[in-house]
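# Understanding the architecture of this molecule
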Amino acid sequence: PRKDPYVPCLGQEFSSGLGNVVFRQVNYMLRSRCEKMSHAEKRLKLDHETQQESLYFDSYTDVSVHEEMIGDRVRTNTYRMAILKNSESIRGKVVLDVGAGTGILSVFCVQAGAKKVYAVEACSIAEQAVRIVKQNRMEDRIEVIRGMVETVQLPDKVDVIVSEWMGYALLQESMLNSVLYARDKWLRPGGVMLPSTAELYITPLCFCGVKPLLPVP
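Residues numbered from 1 in each chain as written. Predicted model: local features only at pLDDT ≥ 70, side-chain atom pairs only at ≥ 80, totals over all residues. Heavy atoms only, no water.

## Topic: the nonpolar core
As a reminder, the rule being used: Nonpolar cores are built from buried Ala, Val, Leu, Ile, Met, Phe, Trp, Tyr and Cys residues. Side-chain atoms within 4.5 Å join them into one set. Any residue under 20% of the maximum accessible area for its type is buried, any over 50% is exposed, and the rest in between are partly exposed; the area is computed with a 1.4 Å probe on protein chains only. Only runs of H or I of at least four residues qualify as helices and only runs of E of at least two qualify as strands under DSSP, and these elements are numbered from the N terminus.
Ranked by size, the top nonpolar core spans 20 residues in total, and within it Ile83, Ile90, Val95, Cys109, Val117, Ile142 and Val162 carry the most contacts. Elements that contribute at least two residues to this core include exactly helix H4 (73-85), helix H6 (104-111), strand E2 (116-121) and strand E4 (158-163). Ranked by residues supplied to this core, first place goes to H6 with five residues. Counting residues in each nonpolar core, the second largest holds 19 residues, with Val158, Ile161, Leu170 and Val179 among its members.

## A short note on the sheet that holds E2
Strand pairs in the sheet, formed through backbone hydrogen bonds, run parallel or antiparallel to each other. Under the convention used in this document: Being paired, for any two strands, means DSSP has found at least two bridges between them. Only the stretch in contact is used when a helix axis is fitted, and all axes are lines through C-alpha atoms; the angle between N-to-C directions ranges over 0 to 180 degrees. Contacts are assigned to residue pairs with any non-hydrogen atoms lying within 4.5 Å of each other.
One open sheet holds the five strands; their spatial order is E3-E2-E1-E4-E5, and the pairing between them is parallel. Each having just a single partner strand, strand E3 (142-146) and strand E5 (187-194) make up the two edges of the open sheet. Taking each pair of neighbouring strands and ignoring which way they run, the sheet shows an average axis angle of 25°. Note: E4 against E5, four bridges, orientation parallel. Bridging across to E5, Val160 finds its partner in Val192. H6 contacts strand E1 (94-98), E2, E3 and E4 of the sheet and is inclined by roughly 175° relative to E2. Contacting E1, E4 and E5, helix H8 (residues 176-186) crosses the sheet at an angle of about 150° to E5.

## Observations concerning the pattern of salt bridges
So the rule is basically this: Salt bridge, as used here: a side-chain nitrogen of Lys or Arg that lies within 4 Å of a carboxyl oxygen of Asp or Glu.
Scanning the model with the defined rule gives five salt bridges in all. Residue Glu143 is joined to Lys116 by a salt bridge in which the shortest nitrogen-to-oxygen separation is 3.9 Å. On the criterion of sequence distance, the pair formed by Glu143 in strand E3 and Lys116 in strand E2 is long-range, its members being 27 residues apart. The exposure class assigned to Glu143 is partly exposed, which follows from its relative accessible area of 34%. Among the charged side chains, a network of salt bridges with common partners joins Asp156, Asp159 and Arg188.

Laid out in C-alpha cells, this is it:
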C-alpha cells in the first residue's frame, strides 16, 4: 500500500506488512485521531491568539494613553516635521496610516498635501479619530476605517504608508508585522514608507540596585 502522510509513526517495513483491510482500518483510525488532535490544538491556539489580540487592542481604547503619546512634544513634533519635510512625496498622493489611533499622523499628511488618507485603526479609539477629523474639517480627505490592517479592504493600492509603530526598546508595541503586511499588500512599487528605517542600540550595564532581583545562575 502507498505511504500515507497521516501515519508518520509507522515504519516502512511495518506498514508494508499490513494487509490492505487492516491497513485501511489503522489508517482511518490514525487519521481521525490526528484530525481531532489537530482541530483541538488549532482551536486552543486560536482562542489564545484571540484573547491576546483583545487584550492588546483594549489597552489602546483609553484616551489617556493617546493623550500621553500626543503630549510627548519631541515624539509628536518629530513625526510632524518628518511628514512635512517629505511633502513632495506626499502631495497629491494616497496615504495609508497603519494603527492610526487618534488620527494625528493622518492630519499631518493632509497638511503635507495628501489627496486621500486611509486611517486604519482596530480599537474603539477610531471613534475619537472620526470626531477629530471632522473638527479639523478633513473628512473629505481622511477616511477612518475600523479594523485590523490584515483584514480591511482598501479601494486600491497606496503611494505612502505612515505608522507610529515604535514602542519601548523599538519593538515593544508589536506592530511591525502589521506594517510589513500593509507594505507587501497595499504599497505601490516605488512607494514611500515613513519611517522606513530604524536603529536599535544596546549596551550592557551593571546596576547594583537591580542585581538582587535577578535570578542567580
